[in-house]
Amino acid sequence: MPDNDHATAVDLTLVDEVERMVRGTAEMICAEQPDVPQPDSLRDLDSFSMVQVLLELENTTQLKLLEKLEGFQGETFRDLAEFIVQTTAEEEAAQAGAGEGEPTRV
């Protein structure tokens, strides 16, 4: 998570929605792979599955997640959802400050 001194406020309802999307994506990816159990958290994903989940989330959200995950230390679906919502909010704030087009939606 970003430094709280510079954090942009996020909508917890949106975090809940994104958490459901992250969990559903992880479950879908694992269900497609033989002998891979359904994950209870990010810790249950091997690196291959985690990359697949992130790529699918990128396709769904049109966000560049992989390149922003350096330093991400989360272990739960909620941690990743909070990271996605926080990153999106910060990008929207930066775009609004620079006057760059439409806001990005998760």
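As the structure is a prediction and not an experimental result, all values here were calculated from the model.

Rules behind the numbers
Residues numbered from 1 in each chain as written. Predicted model: local features only at pLDDT ≥ 70, side-chain atom pairs only at ≥ 80, totals over all residues. Heavy atoms only, no water. pLDDT = per-residue confidence, 0-100. Helix = DSSP H or I, 4+ residues; strand = E, 2+ residues; numbered from the N terminus. Contact = heavy atoms within 4.5 Å. Expected span 1.5 Å × (residues − 1). Buried < 20%, exposed > 50% of the residue type's maximum accessible area, 1.4 Å probe, protein only. Core = buried A, V, L, I, M, F, W, Y, C linked by side-chain atoms within 4.5 Å. Salt bridge = Lys/Arg side-chain N within 4 Å of Asp/Glu carboxyl O.

Trainee: I'd like a description of the confidence of the model for the chain, backed by residues and values.
Mentor: The predicted coordinates should not be examined in detail at positions where pLDDT is low. Confidence in the prediction of the chain, expressed as mean pLDDT, is 84, and 83% of residues score 70 or more. Confidence, read as mean pLDDT per element, is least for helix α3 (residues 77-98) in the chain (88) and greatest for helix α1 (residues 12-31) (94). The model gives residues 1-6 a pLDDT under 50, and that stretch makes 6 contacts with residues more than four places away or in other chains.

Trainee: Tell me about helix α2 (residues 47-61), residues and numbers included.
Mentor: Relative to the 21 Å expected for 15 residues at 1.5 Å per residue, α2 spans 21 Å between its end C-alpha atoms, a close match to the ideal helical length. Considered for burial, the residues of α2 that qualify are Ser49, Met50, Val53, Leu54, Leu57, Glu58 and Thr61. Residues of α2 that are buried make contact with α1 and α3. Immediately beyond the C-terminal end of α2, within one or two residues, lies Gln62, with a positive phi of roughly 65°.

Trainee: I'd like to hear about the nonpolar core, residue by residue, with values.
Mentor: Membership of the largest hydrophobic core comes to 23 residues, with the highest contact counts inside it found for Val18, Val22, Leu42, Leu45, Leu57, Leu80 and Ile84. When residues of this core are traced back to their parent elements, those giving at least two are α1, α2 and α3. For this core, the leading source of residues is α1, giving 7 residues. Excluding residues that lie within four positions of it along the chain, Leu80 makes contacts with Val22, Leu42, Met50, Leu54, Leu57, Leu69 and Phe72.

Trainee: Lay out the pattern of salt bridges in plain terms, naming residues and giving numbers.
Mentor: Inspection of the entire model under this criterion finds 7 salt bridges. Between Arg43 and Glu75 there is a salt bridge, with the nearest N and O atoms lying 3.5 Å from each other. Within this pair, whereas Arg43 is found in the loop between α1 and α2, its partner Glu75 is found in the loop between α2 and α3, the two being separated by 32 residues in sequence. Take Glu75: its relative accessible area is 39%, and that puts it in the partly exposed class. A salt bridge links Arg78 to Glu82, with the shortest nitrogen-to-oxygen separation between them at 3.6 Å. Highlighted residues: Arg78 and Glu82, both in helix α3, separated by 4 residues, approximately one helical turn. Given the relative accessible area of 23%, Arg78 is considered partly exposed. A relative accessible area of 24% means that Glu82 is categorised as partly exposed.

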